[in-house]
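Structural description and commentary
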Amino acid sequence: MAGAWSYLVCGTPRTGSTLLCSLLASTGVAGRPESYFREPDEQTWARRLGVPVDSDGSFDYLAFARAVRDAGSTPNGVFAARVMWGTMPRIVAGLDPTAARDLDALTAAFGPLRFVHLRRYDVVGQAVSWARAEQTGCWQHGDRATASPRADLDQIDDLVRTIAEHDAGWRGWFDRQGVEPWRVRYEDVVADPDRAARELLGQLGVEPPAGWRPDPPHRRQADEVNADWDRRYRARRG
């Protein structure tokens, strides 16, 4: 579709990226954003997309990028992928380590791109959710817990700092690349998924199919356990 943009969803864990990406993918016109470039999963994605993987785990990264471009694109030509902070250096090194800017390597591989910066303004709530997911192995709705959660306030404190570092990292990267991202708040996506998705589609320059309504398979997981940890952490912090 003329005028449509491809894009990367940029964020940190527990910002609702799985929810947002599932919403956008469900439209059939906004690409198929997945974590293709998450390093622990790259070999799995390469094999799934038909890219040969050697016995030592290596593969042709440019061939992988081309396969990702095809897999992550909807028939109207919009490409999308999800990228967490810390992943970009690996992507650029695989695409073109001599590129003057990261953005040059990305656009050479994927065409003109826009960027969605997804943030959670309640950083304590994000850290609580992240700590619980790490402890239990439940990252998405329906995951089976591998351990019981326990209130580890030191872990939450460490993650609050990590989130601040990652958010600052993204802001610095956007500045260095001369990029002005579309800014999306987790809180807005959770409060009104339909509106959040439609606003992004408007930015992309595409219309959802007639009759489309959001019905994401992923749901918010926070419950009284999260609320209790949140209260206890804030009380300790004063």
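In short, a report on the structure. (Residues numbered from 1 in each chain as written. Predicted model: local features only at pLDDT ≥ 70, side-chain atom pairs only at ≥ 80, totals over all residues. Heavy atoms only, no water.)

With respect to helix α3 (residues 61-71)
- Of the positions making up α3, those classed as buried are Y61, F64, A65, A67 and V68. Mapping the buried residues of α3 onto a view down its axis gives an arc of 165°, with all of them on the same face. Opposite its buried face, α3 presents the exposed residues R66 and D70, each directed more than 90 degrees away.
- The secondary structure elements touched by the buried residues of α3 are α2 (42-48), α4 (88-95) and α5 (102-110).
- One side-chain oxygen at the N-terminal end of α3 lies 3.0 Å from the backbone nitrogen of L62; it belongs to D60. (Buried < 20%, exposed > 50% of the residue type's maximum accessible area, 1.4 Å probe, protein only. Helix = DSSP H or I, 4+ residues; strand = E, 2+ residues; numbered from the N terminus. Arc of directions from axis to C-beta. Contact = heavy atoms within 4.5 Å. Polar contact = N/O pair within 3.5 Å; in protein donor to acceptor, adjacent residues only side chain to side chain.)

Digging into the packing of aromatic side chains
- Across all of its chains, the model carries 13 aromatic pairs by this definition.
- Here the aromatic rings of F37 and F110 are separated by 5.9 Å at their centres, their planes lie at 65°, and the arrangement is edge-to-face. Here F110 lies in helix α5 and F37 lies in the loop between α1 (17-26) and α2, a separation of 73 residues in the sequence. No difference in accessibility class separates F37 from F110, as the two residues are buried.
- Pairwise contacts between aromatic rings join F37, F59, Y61, F64, F79 and F110 into one cluster.
- A cation over a ring is seen here: R48 above W45, with NZ or CZ 4.4 Å from the ring centre. (Phe/Tyr/Trp six-rings, centres within 6.5 Å; stacked < 30°, edge-to-face > 60°. Lys NZ or Arg CZ within 6 Å of the ring centre and 35° of its normal.)

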